[in-house]
Amino acid sequence: IMAAINFTDETLIWLSVAAICPPLCSFFFCLLSKGFAAVWSVLAISTSLFASVLLFLTFWDQPSAHFTVNWINFQSFRINVGFLLNNLTVVMLLLVSFIALLVNIYSIKYMEGDKLIARYFAYLSLFCFSMLSLVIADNLFLIYIFWELVGFSSYLLIGFWYTRPAAVMANKKAFIMNRLGDLGFLAGIMILLSQFHTLDLEVLFGEVNLFNSSFIKNGLWVTPFGTMPDYWLTIAGLCFFAGAVAKSAQFPLHTWLPDAMEGPTAVSSLIHAATMVAAGVFLLLRIN
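As the structure is a prediction and not an experimental result, all values here were calculated from the model. (Residues numbered from 1 in each chain as written. Predicted model: local features only at pLDDT ≥ 70, side-chain atom pairs only at ≥ 80, totals over all residues. Heavy atoms only, no water.)

Overview of the side chain of Ser248
Thought 1: Structurally, the position occupied by Ser248 is in the loop between α8 (231-247) and α9 (256-259).
Thought 2: You can call Ser248 buried: its relative accessible area is 9%. (Helix = DSSP H or I, 4+ residues; strand = E, 2+ residues; numbered from the N terminus. Buried < 20%, exposed > 50% of the residue type's maximum accessible area, 1.4 Å probe, protein only.)

In structure tokens, the structure reads:
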């Protein structure tokens, strides 16, 4: 099957869009057409799963593909937006979309009769869009944007039953503790940006990257753009690790996870057992 698939670059771009955008459309449709929220949500994530399967069959154990366009130019650096497709990306797309589909189907019956069911599926779709976009993003700036959107989506879902004081306290706790880790993530991004003037994953961590042309001289980390004490590379790595620790609920930023079970059971299975807690591991693999 894999040998028979030979998509053009344009088709791959549209497949990538089809993998991440349907849940975003579903988010708006669920809010506007409340009577069909479950239908929109299941249809959207099914489309994402189908596109993810095609991308998996295309890229598994094959050379990676990188599609990018310029977004921001500022003095000595620029930020692009695009898709990075490789083994890690396609596996995560498949994992997230498949589990999200199961959760959506389960939620139809589980949330039956709830007055806010349309809002529930809207939040669920927003979470799926955020997570899928996070894994396919091609630079650290985009990853950070969707990293925060995943945190915001989980905040909405954990506190979905907002009339319960325990649920309100739980979503606040999860949100605040994740922001503590995210400060580390942001600091790591700033360290790399100040030294390399780029956040592109392929440029920084690909097979041919800026680290290959860097070296240590007299205790300084020398790169094509300047010098920095070599210990800053370790600090940057620890900063990224701090972000992963919070998102994956590891010690000492783990105490938000038990309280987060105040959300609907389907939310707990999606966020805490399958996808969101895997985001930290994904980040470490992305920058490995």
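A few points about the pattern of salt bridges
Close approach of charged atoms lets side chains of opposite charge pair.
Thought 1: One pass over the full model with this rule turns up four salt bridges.
Thought 2: Taking the shortest distance from any N to any O, the salt bridge between Asp259 and Lys173 comes out at 2.9 Å. Of this pair, Asp259 sits in helix α9 while Lys173 sits in helix α6 (residues 165-196), and the two are 86 residues apart along the sequence.
Thought 3: Close ionic contact of Asp182 with Arg179 constitutes a salt bridge, the shortest N to O distance being 2.6 Å. You can see Asp182 and its partner Arg179 sitting in helix α6, three residues apart, about one turn around the helix.
Thought 4: Looking at Arg179, the relative accessible area reads 18%, which means it is buried.
Thought 5: Here the residues in one salt-bridge network are Glu148, Arg179 and Asp182, joined through shared partners. (Salt bridge = Lys/Arg side-chain N within 4 Å of Asp/Glu carboxyl O.)

Some words on the nonpolar core
Thought 1: With 86 residues, the main nonpolar core has Leu55, Tyr120, Met131, Leu134, Leu140 and Phe185 as its most contacted residues.
Thought 2: Take this core: its biggest share by element is 15 residues, from helix α4 (residues 117-136).
Thought 3: Other than its neighbours up to four places away in sequence, Tyr120 contacts Ser107, Met111, Leu157, Phe160, Pro264, Ala266 and Val267. (Core = buried A, V, L, I, M, F, W, Y, C linked by side-chain atoms within 4.5 Å. Contact = heavy atoms within 4.5 Å.)

What about the packing of aromatic side chains?
The relation between two aromatic rings is expressed through the spacing of the ring centres and the mutual angle of the planes.
Thought 1: Counted according to the given criterion, the structure contains 15 aromatic pairs.
Thought 2: Ring geometry for Tyr120 against Phe121: centres 5.3 Å apart, planes inclined by 80°, an arrangement best described as edge-to-face. Like Tyr120, the residue Phe121 is buried in the burial classification.
Thought 3: Members of the aromatic cluster, joined through ring pairs, are Tyr120, Phe121, Phe160 and Trp161. (Phe/Tyr/Trp six-rings, centres within 6.5 Å; stacked < 30°, edge-to-face > 60°.)

So, the packing of helix α3 (residues 87-110) against helix α11 (residues 278-286)
Thought 1: With their axes 11 Å apart at the nearest point, α3 and α11 run at an angle of 165° to one another. When the axis of α3 is compared with that of α11, the two are roughly antiparallel. Two packed elements cross with a definite hand, and for α3 against α11 that hand is left-handed. Taking contact as the criterion, the partners of Leu88, Thr89 and Met92 in α3 are, on α11, Phe282, Leu285 and Arg286.
Thought 2: Here the contact of α3 with α11 is composed, by residue class, of four nonpolar, one polar and one charged. (Axes fitted to C-alpha atoms, helices over the stretch in contact; angles between N-to-C directions. Parallel < 35°, antiparallel > 145°, perpendicular 65-115°, else oblique. Left-handed = near helix turned anticlockwise from the far one by under 90°. Nonpolar A, V, L, I, M, F, W, Y, C, P; charged D, E, K, R; others polar.)

Details of a nonpolar patch on the surface
Thought 1: A cluster of nonpolar side chains, Phe28, Phe29, Leu31, Leu32, Phe36, Val39, Trp40 and Leu43, forms an exposed patch at the surface whose accessible area comes to about 830 Å².
Thought 2: Those elements that provide at least two residues to the nonpolar patch are α1 (9-32) and α2 (37-59).
Thought 3: At four residues, α1 tops the list of elements feeding residues into the nonpolar patch.
Thought 4: Relative to the helices and strands, Phe36 resides in the loop between α1 and α2.
Thought 5: We classify Phe36 as exposed; its relative accessible area is 54%. (Patch = residues over 30% accessible without salt bridge, like charges linked within 9 Å, V, L, I, M, F, W, Y side chains within 5 Å. Areas by Shrake-Rupley, 256 points an atom, 1.4 Å probe, with all protein chains shown as cover.)

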